[in-house]
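A look at the structure
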Amino acid sequence: MSSLAFKTTFGENLSIDSAAVDGLQKAMKGKVLTPASAHYNEARMVWNGMIDRKPGLIARCANSSDVVHAVNFARKHGLLAAIRGGGHHIGGNAVCDGGIVIDLSQMNSVKVDVERNRIRVGPGATLADIDAETKKYNLVLPTGINSTTGIAGLTLGGGFGWITRKFGLTIDSLLTADVVTANGEAIRASKNEHPDLFWALRGGGGNFGVVTSFEFQLHHMSAEVLAGLVVHPLEEAEKLFAEYRRIVMTLPDELTCWVVMRQAPPLPFLPEEWHGKGIFVLAMVYCGEIAKGEKATAELRGLGAPIADIVGPMPFADWQQALDPLLTPGERNYWKSHDFTELSDKAFDTILASVRQLPDPQAEVFIGHISGAAGRVKLEATAFPQRNDHFVMNMHSRWSDPGKDAACIAWARNLFNEMAPYAAGTAYINFMPGDEASRVVAAYGQNYKRLQEVKRTYDPNNLFCHNQNIVPAK
């Protein structure tokens, strides 16, 4: 009888009879892919082109029952297990070497309950899938900023985006989650059912089980918003950021404005002579009445002498996809991230010096201001670690040539280290790369010990460890 090669959770080699794999396939409605399967190489690819891992088996689940079978198979054989939703995480946690990938990408249903303003979403759905349905009813779910992102990973890490100030984090709209736990039990988590698990799922990542369905509260919002970019020369960045920092502290909840610094891409609205030169970008969205948005954005748009101002009315679903061309799948990516309760002049000078030495034209520094409704939730209410008004900085190194790996990674790490003295210590786990296991405890701050207790209850043997791992309490 033939066998297949696998890796255990502890990195040991393991052979499993092909009959056992055949048995898993017979039990599942979805497909089981092995290295010999026709679509195996396609199925193991994720958004970050740096990730090139070869799992022993990919279980492409069609429903919750399939997930139960896949989890039981992993636990029975002690396999290293990865959970794939959208496959978008920077660390490539969706796929592992030698283990089993519990692939949820085919479970991508999206159903809107218009009468109750609710939505039920499969874990394989993307933000674009959700926007396509909610826009039909002038409803919205606060999510992220790149439409190809998967809803599962985004939600479990917290989820912030363009309308977070108005409606809170993605987890703040979560009502229920159907979960398959490490012992193969299918349960529902909510404020009234397994409330400890529900608390942990809202920010604790994929540590506690496989979520097979999410139910969210939707919010009324006009399908059209005032949104766009105001682009300035990088030489004006120091003065502009000081003004930006002052203005964002008093913005209405409907208005979000973030900063991006990079080399100008060859976009049609930018004069050709600016292509490839350093730029300081204000990216903004006003999600209320357009006339009020024009007034609310006036001070920000009135700063300096912009190269271009393309802020105007547009469908929100279109704005959600506006930055997709700069975040296409398959490029090589390495990120480092910090939270800051404030960004001083000295701290910004450090950022600016690094931006002037970007390792690739695709690299950038992003600074987002997270406040409003997201900051009016108590820290202890969810596992998400930072509820104070704060800035999130993402050192986004992105490139195409594998020969530039060392330089591009070093750039992000160097800036991360230089900014550490100014940082709050917490972090947004969706921006954390795969080599930051030692940072997880600090990233969750005072919530970490409680997360360990929940982990011990639902995954005491740490089956779900291929993530920003929370170690079960002893």
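First things first, this report covers the structure right here in the doc. Because the structure is a prediction, the values reported are computed rather than measured.

Here the focus is the overall build of the protein chain. Secondary structure summary: the protein chain contains 15 helices and 21 strands in total. Whereas a compact globule of 474 residues would reach a radius of gyration of roughly 23 Å, the protein chain reaches 22 Å, a difference of no more than 12%. Taken over the C-alpha atoms alone, the protein chain extends approximately 75 × 55 × 40 Å along its principal axes. Long-range contacts, defined as pairs at least 24 residues apart, comprise 73% of the intrachain contacts of the protein chain with a sequence gap of at least 6. In the structure as shown, the protein chain presents an accessible area of about 18,600 Å², 51% of it carried by carbon and sulfur atoms.

The next thing to look at is the state of the cysteines. Enumeration over the complete set of coordinates arrives at zero disulfides. Between C96, a free cysteine, and C465, which holds the nearest cysteine sulfur, the sulfur-to-sulfur gap is 9.0 Å. Owing to a relative accessible area of 0%, C96 belongs among the buried residues under this scheme.

Next up on the list: the pairing of strand β14 (residues 224-233). By the criterion of burial, β14 is predominantly enclosed, with nine of the 10 residues buried. Sheet analysis places β14 next to strand β18 (residues 312-315), joined by four bridges and oriented antiparallel. Paired with V225 across the two strands is M314, which belongs to β18. In this structure, β14 lies alongside strand β16 (residues 278-286), joined through eight bridges in antiparallel fashion. Looking across to β16, one finds that A227 is bridged to V285. Two elements, β14 and strand β17 (residues 308-309), share two bridges in a ladder whose sense is antiparallel. Looking at β17, one finds that V230 is bridged to D309.

Counting buried residues along strand β12 (residues 210-217), seven of its eight residues qualify, which places the element largely inside the surrounding structure. As paired strands, strand β8 (residues 118-121) and β12 are joined by four bridges and run antiparallel to one another. Paired with R120 across the bridge in β12 is E215. For strand β10 (residues 174-180) and β12, the ladder comprises six bridges, and the chain directions are antiparallel. Looking at the pairing, V179 lines up with V211 of β12.

Another aspect to go through is the packing of aromatic side chains. Summed over the entire model, instances satisfying the criterion amount to 14 aromatic pairs. Look at F160 and W258: their rings are 5.8 Å apart centre to centre, the planes differ by 85°, and that puts the pair in the edge-to-face class. Of this pair, F160 sits in the loop between α5 (151-156) and α6 (164-167) while W258 sits in strand β15 (residues 255-263), and the two are 98 residues apart along the sequence. Taking the relative accessible area as the measure of exposure, W258 reaches 1% and is therefore buried. Ring geometry for F241 against Y244: centres 5.6 Å apart, planes inclined by 35°, an arrangement best described as tilted. In this pair, F241 and Y244 both sit in helix α8 (residues 237-248), three residues apart, roughly one turn of the helix. Of the two residues, F241 and Y244, both sit in the buried class.

Before going further, it helps to spend a moment on the sheet that holds strand β11 (residues 186-190). If you walk across this open sheet you meet the five strands as β7-β8-β12-β10-β11, and the pairing is antiparallel. Both outer strands of the open sheet, β7 (110-113) and β11, are each paired with one neighbouring strand and no more. Each strand of the sheet is rotated relative to its neighbour by a mean of 15°, with strand direction disregarded.

This part covers the sheet that holds strand β3 (residues 31-33). Spatially, four strands are ordered β3-β4-β6-β5 in an open sheet, and the strand pairing comes out mixed. Because the sheet does not close on itself, it has two edges, and the strands there are β3 and β5 (81-84). Averaged over all pairs of adjacent strands, the angle between their axes in this sheet comes to 20°, without regard to strand direction. The sheet contact formed by β5 and strand β6 (residues 100-103) spans four bridges and is parallel. Note on β6: the bridge partner recorded for I83 is I102. Seen against the sheet, helix α3 (residues 64-77) touches β4 (57-60), β5 and β6 and runs at an angle of roughly 165° to β6.

The rules behind each value
- Residues numbered from 1 in each chain as written.
- Predicted model: local features only at pLDDT ≥ 70, side-chain atom pairs only at ≥ 80, totals over all residues.
- Heavy atoms only, no water.
- Helix = DSSP H or I, 4+ residues; strand = E, 2+ residues; numbered from the N terminus.
- Rg over C-alpha atoms; globule rule 2.2 N^0.38 Å.
- Contact = heavy atoms within 4.5 Å.
- Areas by Shrake-Rupley, 256 points an atom, 1.4 Å probe, with all protein chains shown as cover.
- Disulfide = S-S within 2.5 Å.
- Buried < 20%, exposed > 50% of the residue type's maximum accessible area, 1.4 Å probe, protein only.
- Pairing = 2+ DSSP bridges.
- Phe/Tyr/Trp six-rings, centres within 6.5 Å; stacked < 30°, edge-to-face > 60°.
- Axes fitted to C-alpha atoms, helices over the stretch in contact; angles between N-to-C directions.

From the geometry alone we can't say anything about function, so treat these as descriptive.
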